[in-house]
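Each chain, written out:
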Amino acid sequence: DPQKDADRLVQENGEAGQPAWLILQASCTHLGCVPTFVEGSQFGGWFCPCHGSDYDTSGRIRRGPAPKNLAPAPYLFTGPTAIRIG
Ligand code: FES
């Protein structure tokens, strides 16, 4: 799913987030297991060992049975160093 990073950083109020932070829901889009960050993986990001779904650093699905990218979590920056998630 070739979604752009900028489209994945949108806050719950519709404003752009901060590019240094990507807030994702850690729920595999296959069957809901928790992908883990794997240093040195083929796509440099998140891997779900249950059935082998491989996500890149932006949480976009690159290989495996997962049908969709990891979903961004609803969040809002409430100050320069504060964020509310959920
Ligand atoms: Fe993640 Fe199946 S639950 S690959």
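Each value, and the rule that gives it
- Residues numbered from 1 in each chain as written.
- Predicted model: local features only at pLDDT ≥ 70, side-chain atom pairs only at ≥ 80, totals over all residues.
- Heavy atoms only, no water.
- Core = buried A, V, L, I, M, F, W, Y, C linked by side-chain atoms within 4.5 Å.
- Buried < 20%, exposed > 50% of the residue type's maximum accessible area, 1.4 Å probe, protein only.
- Contact = heavy atoms within 4.5 Å.
- Phe/Tyr/Trp six-rings, centres within 6.5 Å; stacked < 30°, edge-to-face > 60°.
- Pairing = 2+ DSSP bridges.
- Helix = DSSP H or I, 4+ residues; strand = E, 2+ residues; numbered from the N terminus.
- Salt bridge = Lys/Arg side-chain N within 4 Å of Asp/Glu carboxyl O.

A. Here's a closer look at the nonpolar core. With six residues, the main nonpolar core is built from Cys28, Cys48, Tyr55, Ile61, Ala66 and Leu70. Setting aside chain neighbours within four positions, we find Cys48 in contact with Cys28, Cys33, Pro35 and Ser53. Membership of the second largest hydrophobic core comes to five residues, among which are Leu9, Ile23, Ala73 and Tyr75.

B. Representation of the packing of aromatic side chains in the model. Counted under the stated rule, the structure contains two aromatic pairs. Where Phe37 meets Trp46, the ring centres are 5.0 Å apart and the plane angle is 75°; that geometry is what we call edge-to-face. The partly exposed category is assigned to Phe37, whose relative accessible area is 43%. Pairing Tyr75 with Phe77 gives two aromatic rings, centres 5.8 Å apart and planes at 85°, and the pair type is edge-to-face. On the basis of relative accessible area, Tyr75 is assigned to the buried category, the value being 1%.

C. View of the sheet that holds strand S3 (residues 53-55). Spatial ordering of the open sheet is given by S1-S2-S3-S4, a layout of four strands whose pairing is antiparallel. Of all strands in the sheet, those with a lone pairing partner are strand S1 (36-37) and strand S4 (61-63), marking the two edges. Bridge analysis of S1 against strand S2 (residues 46-48) gives two bridges, and the strand direction is antiparallel. Bridging across to S2, Thr36 finds its partner in Phe47.

D. Inspection of the pairing of strand S5 (residues 75-79) at higher detail. Bridging between S5 and strand S6 (residues 82-85) involves four bridges; their strand directions are antiparallel. Within S6, the residue paired with Gly79 across the bridge is Ala82.

E. Quick peek at the environment of Gln11. Counting through the fold element by element, Gln11 comes out in the loop between helix H1 (5-8) and S1. Owing to a relative accessible area of 9%, Gln11 belongs among the buried residues under this scheme. C-alpha separation for the pair Gln11 and Leu76, spaced 65 residues apart in sequence, amounts to 5.4 Å. For Gln11, the residues in contact, after removing those within four places along its chain, are Ala16, Gly17, Tyr75, Leu76 and Phe77.

F. Layout of the pattern of salt bridges. Scanning the model with the defined rule gives five salt bridges in all. Asp5 is paired through a salt bridge with Arg60; the nearest N and O atoms lie 3.2 Å apart. Of this pair, Asp5 sits in helix H1 while Arg60 sits in the loop between S3 and S4, placing them 55 residues apart in sequence. Exposure remark for Asp5: the relative accessible area of 42% places this residue in the partly exposed category. Here Arg63 and Asp54 are joined by a salt bridge, their closest N and O atoms 2.5 Å apart. Judged by relative accessible area, which is 2%, Asp54 ranks as buried. Overlapping salt bridges, with partners in common, bring together Asp5, Asp56, Arg60 and Arg62 in one network.

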